[in-house]
Number of protein chains: 2
Amino acid sequence: MQDKSFLMIPGPTPVPESVLVELARHPIGHRSKEFSDIFMSCTEDLKWLAKTKDSDAFIYTASGTGAMEAAISNIINPGDKVLSLVIGVFGKRFSQIAQIYGADVEVMNVEMGKIIDPKALEERLGKDSKKEIKAVTVTHSETSTGAANDLERIAKIVKTHGALLLVDAVTSLGCMNLDIDGWGLDVVISGSQKGFMIPPGLSFIYVSPKAWEVNKKAKAPRFYFDFARHKKSLAEETTPWTPNVSLVCVLKKAFDMMKKEGLENIFSRHKRLRDNLRSGMKELGLKLLVEVDKDASCAITSIYPPEGVSVPDIRSAYKKDWDITVANGQDILKDKIFRIGHLGFVSDRDIEMTLAVTQKIFAKLRKN
Amino acid sequence: MQDKSFLMIPGPTPVPESVLVELARHPIGHRSKEFSDIFMSCTEDLKWLAKTKDSDAFIYTASGTGAMEAAISNIINPGDKVLSLVIGVFGKRFSQIAQIYGADVEVMNVEMGKIIDPKALEERLGKDSKKEIKAVTVTHSETSTGAANDLERIAKIVKTHGALLLVDAVTSLGCMNLDIDGWGLDVVISGSQKGFMIPPGLSFIYVSPKAWEVNKKAKAPRFYFDFARHKKSLAEETTPWTPNVSLVCVLKKAFDMMKKEGLENIFSRHKRLRDNLRSGMKELGLKLLVEVDKDASCAITSIYPPEGVSVPDIRSAYKKDWDITVANGQDILKDKIFRIGHLGFVSDRDIEMTLAVTQKIFAKLRKN
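Residues numbered from 1 in each chain as written. Chains lettered and ligands numbered in written order. Predicted model: local features only at pLDDT ≥ 70, side-chain atom pairs only at ≥ 80, totals over all residues.

1. Let's talk about the overall build of chain A
When helices and strands are counted, chain A shows 13 helices and 13 strands. Along the longest, intermediate and shortest principal axes, the C-alpha atoms of chain A span 65 × 55 × 35 Å. For chain A, the proportion of its 368 residues judged to be buried stands at 53%. A sequence separation of at least 24 residues applies to 73% of the contacts in chain A between residues at least 6 apart. (Helix = DSSP H or I, 4+ residues; strand = E, 2+ residues; numbered from the N terminus. Buried ≥ 20, exposed ≤ 12 C-beta atoms within 10 Å, placed from the backbone. Contact = placed C-beta atoms within 7 Å.)

2. Observations concerning the relation of the copies chain B and chain A
Each copy of the sequence occupies a distinct position, and chain B is placed on chain A by a rotation of 180 degrees and an axial shift of 0.0 Å, giving an RMSD of 0.0 Å. The symmetry that links the two subunits is that of a two-fold axis. Both copies contact each other with a shared surface, as 100% of the interface residues of chain B are interface residues in chain A too. (Least-squares fit on C-alpha atoms with pLDDT ≥ 70 in both.)

3. Looking at the interface of chain B and chain A
The partner chain A presents 43 residues to the 43 residues of chain B that form the contact. Elements with a contribution of two residues or more to the side of chain B that touches chain A: α1 (17-23), α3 (64-73), α4 (89-100) and α10 (245-261) of chain B.

4. A few points about the packing of helix α12 (residues 311-322) of chain A against helix α13 (residues 348-367) of chain A
All names here are of chain A. One can describe the packing of α12 onto α13 by two numbers: an axis separation of 10 Å at closest approach and a directional angle of 120 degrees. Of the possible angle classes, the one that applies to α12 and α13 is oblique. Judged by the sense of rotation from one axis to the other, the crossing of α12 with α13 is right-handed. Seen from α12, the contacting residues are D313, I314, A317, Y318 and W322; seen from α13, they are V357, I361, K364 and L365. In the contact of α12 with α13, the residues fall into seven nonpolar, no polar and two charged. (Axes fitted to C-alpha atoms, helices over the stretch in contact; angles between N-to-C directions. Parallel < 35°, antiparallel > 145°, perpendicular 65-115°, else oblique. Left-handed = near helix turned anticlockwise from the far one by under 90°. Nonpolar A, V, L, I, M, F, W, Y, C, P; charged D, E, K, R; others polar.)

5. Description of the pairing of strand β10 (residues 203-207) of chain B
Successive residues of a regular strand alternate their side chains across the two faces of the sheet. Residues and elements named next belong to chain B. The element β10 is extensively covered by neighbouring structure, given that five of its five residues are classed as buried. The side-chain alternation of β10 yields two buried faces, one formed by S203, I205 and V207 and the other by F204 and Y206. Pairing of strand β2 (residues 56-60) with β10 involves five bridges; the strand directions are antiparallel. In the strand pairing of β10, Y60 is matched with S203. Note: strand β9 (residues 187-191) against β10, five bridges, orientation antiparallel. Counterpart to I189 in the pairing with β10 is I205. (Pairing = 2+ DSSP bridges.)

6. Structural notes on the environment of E122 of chain B
All names here are of chain B. Relative to the elements of secondary structure, E122 occurs in helix α5 (residues 118-127). Assessed through the 17 C-beta atoms surrounding it within 10 Å, E122 is described here as partly exposed. Residues E122 and K219, 97 residues apart in the sequence, show an inter-C-alpha distance of 30 Å.

7. A look at the sheet that holds strand β8 (residues 164-168) of chain B
Residues and elements named next belong to chain B. Read across the sheet, seven strands follow the order β2-β10-β9-β8-β5-β3-β4 without closing on themselves; strand pairing throughout is mixed. Two strands lie at the open edges of the sheet, namely β2 and β4 (104-109), each paired on one side alone. If you compare each strand with its neighbour and ignore which way they point, the axes differ by 15 degrees on average.

8. Considerations on the sheet that holds strand β11 (residues 300-303) of chain B
All names here are of chain B. Here we have four strands laid out as an open sheet, ordered β1-β12-β13-β11, and mixed in their pairing. A strand with exactly one partner marks an edge of an open sheet, and here the two such strands are β1 (6-8) and β11. Between one strand axis and the next, the sheet turns through 35 degrees on average, direction left out of account. Summarising the sheet, β1 and strand β12 (residues 324-328) pair through three bridges and their orientation is parallel. Bridged to F6 within β12 is I324. Where helix α12 (residues 311-322) meets the sheet, it contacts β12 and β13 (338-341), and its direction lies at approximately 165 degrees from that of β12.

9. Examining the environment of S144 of chain A
Residue and element names in this part refer to chain A. Note that S144 resides in the loop between β6 (141-142) and β7 (147-148). Note on S144: 28 C-beta atoms within 10 Å, which makes it buried. Between the C-alpha atoms of S144 and M112, which are 32 residues apart in sequence, the distance is 8.5 Å. With near-sequence residues (within four places) excluded, S144 lies in contact with G88, V89, F90, Q330, D331 and L333.

10. Overview of the pairing of β9 of chain B
Residues and elements named next belong to chain B. In terms of burial, β9 is a largely internal element, five of the five residues being buried. The alternating pattern of β9 places V187, I189 and G191 and V188 and S190 on opposite faces, both of which are buried. The pairing of β8 with β9 spans three bridges and is classified as parallel. Counterpart to D168 in the pairing with β9 is I189.

11. A look at the domain arrangement of chain A
Residues and elements named next belong to chain A. According to the domain assignment, chain A contains domain 1 (6-12 + 262-367) and domain 2 (17-259). Domain 1 and domain 2 are separated by 26 Å when their C-alpha centres are compared. If you look at the interface, domain 1 gives 24 residues, while domain 2 gives 27 residues. Among the elements of the structure, α11 (263-283) and β11 (300-303) are those that each provide at least two residues to the side of domain 1 that touches domain 2. Among the residues forming the side of domain 1 that touches domain 2, the class breakdown is 14 nonpolar, seven polar and three charged. (Domains from an automatic or database assignment.)

12. Let's talk about the packing of α11 of chain A against α13 of chain A
All names here are of chain A. In contact at an axis separation of 10 Å, α11 and α13 are set at 15 degrees when each is read in the N-to-C sense. What the angle tells us is that α11 and α13 run roughly parallel. Crossing hand, α11 versus α13: right-handed. Across the interface between the two elements, R272, L273, N276, L277 and G280 from α11 touch D348, I351, T354 and L355 from α13. Counted by class, the contact of α11 with α13 contains four nonpolar, three polar and two charged residues.

13. Digging into the nonpolar core
Of all hydrophobic cores here, the largest spans 239 residues; its most connected members are I205 of chain A together with V187 and I205 of chain B. When neighbours within four sequence positions are excluded, I205 of chain A is seen to be in contact with F58, Y60, A67, A70, A71, V187 and I189 of chain A. (Core = buried A, V, L, I, M, F, W, Y, C linked by C-beta atoms within 7 Å.)

14. Points about α11 of chain A
All names here are of chain A. Over its 21 residues, α11 runs 30 Å from end to end, which matches the ideal 30 Å to within 8%, given 1.5 Å per residue. Within the sequence span of α11, burial applies to I266, H270, L273, R274, L277 and M281. All buried residues of α11 lie within an arc of 90 degrees about the axis, which places them on one face of the element. Every exposed residue of α11 that faces more than 90 degrees away from the buried side is listed here: E264, N265, S279 and E283. Where the residues of α11 are buried, they touch α10 (245-261), β11, β13 (338-341) and α13. (Expected span 1.5 Å × (residues − 1). Arc of directions from axis to C-beta.)

15. Details of unusual backbone geometry
Residue and element names in this part refer to chain A. Along the chain, G11 connects to P12 via a cis peptide bond; the corresponding omega equals -5 degrees. Considering the arrangement of structural elements, one finds P12 in the loop between β1 (6-8) and α1 (17-23). Phi at K131 takes a positive value of approximately 55 degrees, unusual for a residue other than glycine. Note on placement: K131 falls in the loop between α5 (118-127) and β5 (133-139).

16. Topic: helix α6 (residues 151-161) of chain B
All names here are of chain B. The set of residues buried in α6 consists of L151, I154, A155, I157 and V158. All buried residues of α6 lie within an arc of 165 degrees about the axis, which places them on one face of the element. As for α6, its buried residues are in contact with α5, β5 (133-139), β8 and α7 (180-183). The positive-phi residue at the C-terminal boundary of α6 is G162, with phi of around 110 degrees.

Here it is as structure tokens:
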């Protein structure tokens with residue numbers, strides 16, 4: 001049905017009406033006082049969301065992958081030893097970018113759907129008595145599987161070792177608790193089309209004082225994403241290059257909504273959406289990729305199709321019969337699982353609807 | 001007056017109603033057939049706009065500076081000799097990025113408001129008998145001054161020499177004729193908030209077959225802006241990373257308008273806006289930074305304030321009394337000139353209004 005499309009993919013996500021209405025306004029000038037005020041308000045709200053006073057927060061006009069590259073290019077020098085914790089496609093991308101920038105990358109990986117065992121990490125870092133490992137890359141919530149690492153524990157272990165911790169929080173920030181100052185995260189990235197409830201086009205990056213120290217010696221050529229250039233402009237309450245002014249303006253609207261809901265309510269809502277979707281899918285007899293409940297991301301759930309039913313048929317049924325877009329698996333999980341995003345502007349009603357629709361879909365597909 | 005703001009800066013520019021209305025729609029999934037169709041249509045229209053069949057056209061979620069960095073990082077290796085033709089702030093930025101990527105940069109520059117003398121370029125390249133100069137960077141329309149180089153003639157000279165020509169067409173594309181295949185341009189960049197009439201957040205880059213040959217040997221670390229990754233995805237009718245889907249969808253709307261108006265009409269409209277604004281300002285007794293009419297950009301005009309009147313006072317009068325935002329000068333021209341953008345969604349009526357308002361402003365300011 002026209003205009004009834006509903007996105008249940010892990011970004012872009014549904015967008016609140018007040019954001020859409022704001023998007024339809026004429027852009028304002030990016031060197032105006034009006035824009036500076038909105039931009040600085042968003043910068044402060046970014047710090048509130050990730051619980052940091054010590055880190056700087058920058059807004060890039062780019063998608064999350066741009067911020068991921070920035071986390072590497074502003075920190076890593078050729079030959080630096082990097083330990084990449086890989087639990088899926090996006091963790092792999094982080095390690096790949098580190099390799100492209102000349103890092104000596106060691107990958108610790110697990111089966112898709114599992115998370116990093118903190119004890120294995122502790123053991124590995126414990127062996128690095130010469131402190132050769134300069135940085136650890138980790139994915140908080142892995143979009144390709146729906147598994148979520150125990151970031152707090154990982155951070156504690158990495159802190160004890162002394163390496164920098166670079167965190168992909170693209171699908172976790174704004175959905176799951178993340179405490180930059182409390183946990184000691186050094187570089188954290190995220191993207192607008194996720195927990196932030198606005199369209200894609202902006203990404204966010206946080207830089208800790210410890211990361212700034214390392215950044216001083218970073219030699220990779222860089223310009224657009226250069227931390228120092230963004231910091232210099234931030235001190236002048238602006239951006240170094242023309243930002244996506246429309247998205248920054250709607251980001252403020254989204255933050256207003258988030259602050260009204262409150263951080264703890266946002267996190268508990270996402271946890272409830274996850275728990276209800278997982279238990280509902282299990283009741284429908286479906287198997288989940290992430291088996292252990294506490295290892296499951298609050299942003300996205302990966303589901304195996306029932307025996308004899310194909311993922312393309314399932315996605316097609318959601319789309320054609322119910323106007324719902326769900327995601328396929330990625331990489332080796334393509335056509336093996338389907339993924340339902342439940343991050344950002346998603347309510348309990350949406351999960352109930354999804355379960356009701358899913359029941360109808362499988363009743364029909366199993367019959368055929 | 002609320003909601004009456006009118007931008008006459010060189011981007012962001014005014015945005016047509018049909019674009020604003022489209023912006024207010026829910027984003028669609030970026031891996032959908034629906035999005036692929038829109039994306040491929042925009043890619044084709046980009047090629048139409050810059051008159052190329054041979055070059056690839058990519059859409060980046062980034063501002064023009066990101067595309068400028070891409071033009072360097074995908075082409076230039078450390079030690080490569082680059083000749084940068086600098087007529088203002090953005091030409092300087094191009095040379096600066098080349099330096100950051102390790103190029104041996106030679107700058108040919110002129111006074112702000114002037115353009116590159118093709119004969120001087122011919123002479124310089126003529127002396128390079130060993131063909132050591134690998135690439136020439138040039139700004140078509142220099143946003144900081146409102147001067148526009150004779151790109152066709154420059155391209156001819158560079159082609160005779162054999163170097164690659166990297167072109168900043170951020171404020172010229174969609175305003176002034178630019179013929180990639182006909183003139184032999186190798187890498188051309190532009191941005192969405194200019195002649196394209198949509199908000200900032202996308203940039204565009206064209207890559208010629210000759211540039212692809214050089215790209216094969218480019219060694220700088222790069223990922224987000226990497227030509228090859230974008231080309232691989234383009235073959236699959238998609239983008240390598242999540243694009244700003246909303247802006248790509250409205251870009252299609254803007255292209256529909258541009259195709260309806262027709263390329264020659266677009267160019268002649270911009271030329272008329274420039275000519276009328278320039279002659280009107282001269283009639284008001286104001287001096288223009290770009291003295292020679294044919295050297296003036298069709299996108300932006302830089303104007304000296306009358307003796308005894310300050311640029312901040314002028315900008316404040318436009319803003320407070322008339323709800324019009326005009327730009328200050330940049331760099332050494334700050335507070336020395338003010339700049340009026342007339343690119344994109346600007347009509348003859350807007351120029352008449354601007355001249356009428358300008359007359360009132362100076363009548364008042366001169367009296368004080």
